[in-house]
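Residue-level structure breakdown
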Amino acid sequence: MRALKIAGLAMNGLRRSPLRVTLTTLGVTFACGALVTMVALAIGIQRQVETPFRALAMLNNIQVRPKEGKDADKAPPLDDAALANIEKLPGVAAAYPDVHIKGIKVRYEKKEAIAIGIALPREASLLGVADEFIVAGRLFDEGNRPEAILGLSVVKELGFKTPAEAVGKQIALEAAGLTPDGGDKFTYQQTTMALTVIGVYEAPALLPGAARQGILLPVELMKDIPGIHLDSALSRLKSGGPIVTSGYASATVRVRDPAMLHEVQVKLTAMGFSTEAMLNKLQHMRQFFLAIQMLLSVVGSVALIIAALGIVNTLLMAVMERYQEIGLCKAIGASDGDLFILFLTEAGIIGCLGGLTGLGLGWLVSQLMELVAGFYARGQGITGRLNLFAFPLWMVAVTVAFAILVSIVAGIYPALRAARVDPIRALRSH
Amino acid sequence: MESSDCFIETRGLSRQYRVGPAEIHALVEVDFHVQKGEFVAILGVSGSGKSTLLHLLGGLDTPDCGCVRVGDRDLAGMTSMERTIYRRTVVGFIFQSYYLVGSLTATENVALALTFQGVFGAERTRLAAESIERVGLGLRASHRPNQLSGGEQQRVAIARAIVHRPALLLADEPTGNLDRATAAEVMGLIHQVHRDLGTTVVMVTHDEEMAARVADRVLRIRDGRLEGAGGSA
């Protein structure tokens, strides 16, 4: 209680030199603002990059590829039979090929768009994923109806005014490509499909533009598109192995529980495939972003340390200016500890005010940068909010706490000077 | 003199300072005592050692040798924290230059002393207001030092010194900065506090006439040596 009341005197001390205290606090404000802006940017970008992982529940996924290198010719093909066997493994929920093909023509009435065909398993809707990307309609459900989900850019190119307008419409898909024909021969094939648009998606703003130019097809429909086995066949041909007509370049294996990732990975390796868990990829990315965050934090912290020197200066001047007053306080019963607490509190108040206003400044700057970046992005054809900055609650708390801590540490030396003032000397000084 | 009423007693009290190569003997083997409730004035010119004696009695300084007892406390043997508590609870200081905090009102200046004494809330406000009333500044309670005359500022300083009812009031040239008429008023106030509260007062001054008028006993200090300090008046 006593310490609290003495700390209360600190506000009175600070009011004595409003301009100097304001300038010192501004130093902390700018330092914290810079720190917050930089860290918020790093966290924001990390979240943007991680969004597809979370939204598509990719953390349960293992990416499987046929083995490459010197033993590639003996490696088993990653074909439908292999995928069927993989699905039978304990803990595996689904196994489906990762297929995307460029140059697919999509027509609606007289309008035409060139899109990228991307396979999406029907189970995606059961997993409750990707809802945040669907801006109209829905994901695939059970059955084998000829359906498609269009990217927002494709919808615009096809002349629909709103995403909702496209839902339910019949579109035509035209695709052409080379299909391996056994041996070292390839056959040119063309196919046309009539599809019903059941949904429209909008890719996260930071993903490449091509992600918005997609047409999502159920896996079983995608298998009918010519050219989906081309990459795998060419790869086998280059490594000297026989061409497998139904092989895929890569597939996704979804496990029921992330705890089973390792066990399933071991089994897939034993089956002769290369594997990489998405969780590992994410962890590598997180390590990278952590390093970026740390780097930016260090830069921001240097600014804060420079601001802390301002606090040292301000408080040392206060000790000098209030030298007689300190002597008087000691004469009327203040202990060394009381004066130490008093000046340390003054430092803490400067840090707290600077931390809070710095947060506000950082938020303002980030909003401004978001506006500018959004304006630039719209010029590049990217719509939607970029969300480049993120202000998680922990960051807000840590920033203010860090500002207070640094300020208190900066206040230790002046506070010690105040505590050590000789009252007789102080009272005799003029 | 050894008496049950003896409140302050010093024996062989010495204090010296080193200023550069020179050694200054501020106090030389001072033996004196003060009765409980007595008003003692110590006269001396500047540099005679009177303020040093006051600082030793107030626990702001420690002697090089000798002992100083106030009540049942041996000040020379106290730790720094014990001396702080002693100043907080037993002593009230009045200084020549008042030493008021410019940013605080008269009442807040008085209450400042209570903060360090651990008195808070309504009790703190009541005691500070009561002390301000006692020195006749009830109407100036919310004024800041720069809105008060020298005499009024010294009254605030007196209110601050007595707000916790100290057993010992130490006044260091309390009228040194005041004109004759105001000095007489302030001296009268100190005398009134001494009389009303029964506080033991030790005051150093070089105003012989004023000292003779209010003090029970007047001592002289010269070159660090106290003259005629044997018994009470």
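Residues numbered from 1 in each chain as written. Chains lettered and ligands numbered in written order. Predicted model: local features only at pLDDT ≥ 70, side-chain atom pairs only at ≥ 80, totals over all residues.

A closer look at the overall build of chain B
When its secondary structure is counted, chain B shows seven helices and ten strands. Here chain B has a C-alpha radius of gyration of 17 Å; the compact-globule value for 233 residues is 17 Å, and the two agree. Judged by the C-alpha coordinates and their principal axes, chain B covers about 45 × 40 × 40 Å. Residue pairs in contact within chain B that sit at least 24 positions apart in sequence constitute 70% of those at least 6 positions apart. (Helix = DSSP H or I, 4+ residues; strand = E, 2+ residues; numbered from the N terminus. Rg over C-alpha atoms; globule rule 2.2 N^0.38 Å. Contact = placed C-beta atoms within 7 Å.)

Remarks on the packing of helix 9 (residues 278-321) of chain A against helix 12 (residues 393-419) of chain A
Residue and element names in this part refer to chain A. The geometry of helix 9 relative to helix 12 is characterised by a closest axis approach of 9 Å and an angle of 30° between their N-to-C directions. By the criterion of interaxial angle, the relationship of helix 9 to helix 12 is roughly parallel. The two elements helix 9 and helix 12 cross, and the hand of that crossing is right-handed. Here Leu 304, Ile 305, Ala 308, Ile 311, Val 312, Leu 315, Leu 316 and Val 319 of helix 9 lie close against helix 12, whose contacting residues are Ala 403, Val 406, Ser 407, Ala 410, Gly 411, Tyr 413, Pro 414, Arg 417 and Ala 418. Of the residues in the contact of helix 9 with helix 12, the class split is 14 nonpolar, two polar and one charged. (Axes fitted to C-alpha atoms, helices over the stretch in contact; angles between N-to-C directions. Parallel < 35°, antiparallel > 145°, perpendicular 65-115°, else oblique. Left-handed = near helix turned anticlockwise from the far one by under 90°. Nonpolar A, V, L, I, M, F, W, Y, C, P; charged D, E, K, R; others polar.)

Section: the interface of chain B and chain A
Across the boundary between the two partners, chain B contributes 20 residues, which contact 21 residues of chain A. Ranked by residues supplied to the side of chain B that touches chain A, first place goes to helix 2 (residues 80-89) of chain B with four residues. Grouping the amino acids of the side of chain B that touches chain A by side-chain chemistry returns ten nonpolar, six polar and four charged.

What about the sheet that holds strand 10 (residues 251-255) of chain A?
Residue and element names in this part refer to chain A. Pairing is antiparallel in the open sheet, where four strands are placed in the order 2-10-1-11. Each edge of the open sheet carries a strand with a single partner, namely strand 2 (92-97) and strand 11 (273-277). Across the sheet, the mean angle from the axis of one strand to that of its neighbour is 25°, orientation sign disregarded. Across four bridges, strand 1 (residues 61-66) lies against strand 10 in antiparallel orientation. Counterpart to Val 64 in the pairing with strand 10 is Ala 251. On top of the sheet, helix 3 (residues 80-87) reaches strand 2 and strand 10; it is set at about 165° to strand 2, its chief contact. (Pairing = 2+ DSSP bridges.)

As for the nonpolar core
Grouped together as the largest cluster of nonpolar side chains are 121 residues, with contacts concentrated most on Phe 343 of chain A together with Ile 158 of chain B. Those residues in contact with Phe 343 of chain A that lie beyond four places of it in its chain are Leu 315, Val 319, Gly 411, Pro 414, Ala 415 and Ala 418 of chain A. Membership of the second largest hydrophobic core comes to 57 residues, among which are Ile 86, Tyr 108, Met 222 and Val 253 of chain A. (Core = buried A, V, L, I, M, F, W, Y, C linked by C-beta atoms within 7 Å. Buried ≥ 20, exposed ≤ 12 C-beta atoms within 10 Å, placed from the backbone.)

Some words on the domain arrangement of chain A
Here chain A is described as being made up of domain 1 (2-53 + 285-428) and domain 2 (61-277). Inter-centroid distance (C-alpha atoms) of domain 1 of chain A to domain 2 of chain A is 51 Å. (Domains from an automatic or database assignment.)

Section: the sheet that holds strand 8 (residues 200-205) of chain B
All names here are of chain B. Taken together, six strands build an open sheet; the order of strands is 6-7-8-3-9-10 and the sheet is mixed. The sheet is open, and its two edges are formed by strand 6 (91-95) and strand 10 (225-227), each paired on a single side. Recorded for the sheet is a direction-independent mean angle of 20° between the axes of neighbouring strands. Pairing between strand 9 (residues 217-222) and strand 10: three bridges, direction antiparallel.

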